[in-house]
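Breakdown of the fold
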Amino acid sequence: MTSASFTPGRVARLSILGLGALVFLAPYIFMVSTAGKAQSDIFTSSLSLIPQQWFYVQNFAKALSRVSMGRLLMNGVVVCALILVFQVVIAIPCAYAMAKLKFRAARALMVLVMLGLLVPIHATALPLYVAFDRAGALNSYVALVAPFTISVFGIFLFLQFFRAMPDDLIHAARLDGMSEPGIIARVIVPNAWPAVTAFSIFSVVAHWNDLYWPLIVVSNQAYATPPLGLLYFRAAEAGDDYGALMAATLIITFPLVAAFLLAQKRFVEGITMTGLKG
Amino acid sequence: MADLAAPSTGLAGTVPRAGTPEQREARIAWLLAAPALLLVLVFIILPVAAVIGLGFTDFELGYADFRFVGLENYAELFDDRTFQRSLWNTAVYAGIVTPVSIFMALGLAMLIEAEGIGRSFFRTAYFLPVASLLVAMATVWQYLFHPSIGPINAMLATFGIPGPNWLGASSTVLYSLSIIGVWQSVGFNLVLFLAGLTAIPRELYAAAEVDGAKSGWDRFRLVTWPMLGPTTLFVTTISIINSVKVFETVKTLTEGGPNKASEVLLFTIYQEGFVYLRVGYASAMTVVFLAILVVLMFLQYRVQDRQVHYS
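Procedures and definitions
- Residues numbered from 1 in each chain as written.
- Chains lettered and ligands numbered in written order.
- Predicted model: local features only at pLDDT ≥ 70, side-chain atom pairs only at ≥ 80, totals over all residues.
- UniProt positions renumbered as here; feature names shortened; annotations may be inferred.
- Axes fitted to C-alpha atoms, helices over the stretch in contact; angles between N-to-C directions.
- Helix = DSSP H or I, 4+ residues; strand = E, 2+ residues; numbered from the N terminus.
- Parallel < 35°, antiparallel > 145°, perpendicular 65-115°, else oblique.
- Contact = placed C-beta atoms within 7 Å.
- Domains from an automatic or database assignment.
- Nonpolar A, V, L, I, M, F, W, Y, C, P; charged D, E, K, R; others polar.

Taking an unreviewed UniProt entry as the reference, chain B is identified by name as Multiple sugar transport system permease protein belonging to Mycoplana azooxidifex. Checking UniProt for chain B, the heading Subcellular location (unreviewed entry) contains the comment "Cell membrane". The Sequence similarities (unreviewed entry) comment attached to chain B in UniProt states, word for word, "Belongs to the binding-protein-dependent transport system permease family."

Looking at an unreviewed UniProt entry, one finds chain A named Multiple sugar transport system permease protein, with Mycoplana azooxidifex as its source organism. The record held by UniProt for chain A lists under Subcellular location (unreviewed entry) the comment "Cell membrane".

Following this line, the structure appears as structure tokens:
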């Protein structure tokens with residue numbers, strides 16, 4: 001099948017795949033094209049991809065002036081990084097204890113984890129919002145990060161991975177006089193790197209894109225994450241200024257897409273692994 | 001295990017060293033699991049209990065006192081036209097997005113698997129929407145769908161077809177959102193199917209051929225489809241759950257409109273709870289939402305138990 005001969009079947013296959021890919025990439029093509037068009041250009045010729053007048057600078061300037069994009073991206077990075085660090089630091093010891101140590105609560109914990117897997121933020125958002133409101137903690141990084149410091153999915157994923165690790169590795173480390181936290185830091189984590197990478201990609205993609213929770217707890221541009229910031233920008237941008245809107249969209253989409261293109265093998269592995277284990 | 005004589009430092013150092021090695025091990029395990037356990041209780045178990053409890057009250061944010069109203073909220077839900085509309089719309093959306101994105105992904109995965117060249121290019125192209133900010137890409141789709149200046153209608157016009165008002169008309173808005181939903185989720189399913197396809201041993205196809213499975217369809221029916229069973233089940237469950245959770249595109253593009261034609265479950269909960277601040281009533285809706293998720297997971301387990309495992 002990999003020979004260079006182009007049978008009719010193969011031509012058909014490649015055409016379907018190519019056409020499909022074109023359709024799937026079309027939004028990106030139009031985004032990049034429209035971000036460089038002047039208002040008049042957008043209204044008259046929507047099908048020509050090359051802008052008649054080069055309007056990128058003006059549109060980007062407009063996008064950057066209405067909402068501070070740097071701030072948004074920074075908030076996104078801070079929030080995702082904090083969430084990820086807490087999730088990993090809290091989930092790994094718990095998963096290790098459940099996988100490799102004997103204690104009576106392990107089964108009850110497993111039930112809690114399985115139940116927790118069922119519950120998305122949308123289900124807990126109301127009481128959490130009331131609680132953060134009472135505590136006067138709305139509009140803060142704490143409100144954005146705290147509910148996600150625990151990832152039962154992370155515990156579940158690491159648990160699967162740790163169970164497959166040989167016990168001898170841990171026994172040897174104990175004989176060498178290592179403490180349990182030492183074993184986690186110097187034996188378990190280095191050997192669990194694929195699981196940590198996969199989980200990190202999953203977590204960052206999920207929280208970079210999340211709109212629901214930030215929309216609820218943040219009402220102030222200072223703490224807006226990228227999706228929320230784009231909503232503000234849309235609200236501030238009256239009417240159909242699609243040039244500026246596409247420029248803003250381009251800026252906001254770029255970081256994660258670039259990360260994906262640079263490390264796509266890891267991304268796909270990560271999503272496959274987290275997907276199949278979940 | 002008996003020679004666990006290692007001097008423990010750090011966490012374990014804070015507790016008395018008495019007891020058998022087993023007791024020490026259990027104590028250390030407790031300490032390691034404690035932060036996670038505490039956070040699960042605070043951020044998952046308690047809030048869920050609170051949602052169920054609040055669903056029986058008339059609590060509204062901003063009012064100090066509230067009272068217990070029994071099943072009144074649920075009775076109101078039963079008559080609430082918006083809520084029913086919202087449940088129906090969510091079902092229609094899931095009913096379109098789930099099968100279309102699964103079969104499209106399966107077909108594309110098999111084409112990519114059979115093709116020698118361009119594998120990673122195609123995978124990247126179809127997967128890109130998964131890694132893109134949905135709120136941002138929804139904005140792009142809004143432009144593509146624009147009735148007068150949008151490229152889609154411009155393209156239709158060159159063929160002499162008058163394009164619909166995609167997101168602006170109540171008859172088409174749900175379908176337009178479904179198109180975005182399919183576009184966004186195919187890549188995820190595709191990658192999972194590709195992993196499933198690569199795991200099928202080549203010999204099975206050869207064996208099927210020896211047994212008389214001559215056509216491609218026979219091979220698909222006898223080998224590919226049954227072997228992909230567990231993957232398909234998982235992809236189906238996660239696709240349904242994700243489409244029941246549709247929110248971003250609705251909030252960004254339609255706000256449930258026009259005329260509640262794109263009112264979906266999470267958007268309705270969001271409006272009631274966080275815009276109108278009727279926390280009690282929205283909690284009852286959330287309980288319905290959770291019940292749907294529980295039923296879906298339960299169905300998955302049931303099917304999984306019955307499924308023959310080939311691996």
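Further notes follow.
Quick look at the packing of helix 1 (residues 8–34) of chain A against helix 5 (residues 134–144) of chain B now. Contact geometry of helix 1 of chain A with helix 5 of chain B gives a least axis separation of 10 Å together with a crossing angle of 80°. By the angle between their axes, helix 1 of chain A is roughly perpendicular relative to helix 5 of chain B. Mapping the contact onto sequence places Pro27, Phe30, Met31 and Thr34 of chain A in helix 1 of chain A and Met137, Val140, Trp141, Tyr143 and Leu144 of chain B in helix 5 of chain B.

Right, let's get into the domain arrangement of chain B. What the domain assignment lists for chain B is domain 1 (21–54) and domain 2 (72–306). Of note, the centres of domain 1 of chain B and domain 2 of chain B, computed from C-alpha atoms alone, are 34 Å apart.

Turning our eyes to something else, we now look at the UniProt feature "transmembrane region" (unreviewed entry) in chain B. Residue and element names in this part refer to chain B. UniProt annotation of "transmembrane region" (unreviewed entry) refers to residues 28–56, 91–112, 124–145, 173–201, 222–241 and 275–299 when read in the numbering used here. Here residues 91–112 is 100% helix and 0% strand, with 31 Å between the C-alpha atoms at its ends. The span residues 124–145 shows a helical share of 68% and a strand share of 0%, and its end C-alpha atoms are spaced 24 Å apart.

Between chain A and chain B, the residue contacts involve 83 residues of the former and 83 residues of the latter. At 13 residues, helix 1 of chain A tops the list of elements feeding residues into the side of chain A that touches chain B. For the side of chain A that touches chain B, a count of residues per class yields 60 nonpolar, 16 polar and 7 charged.

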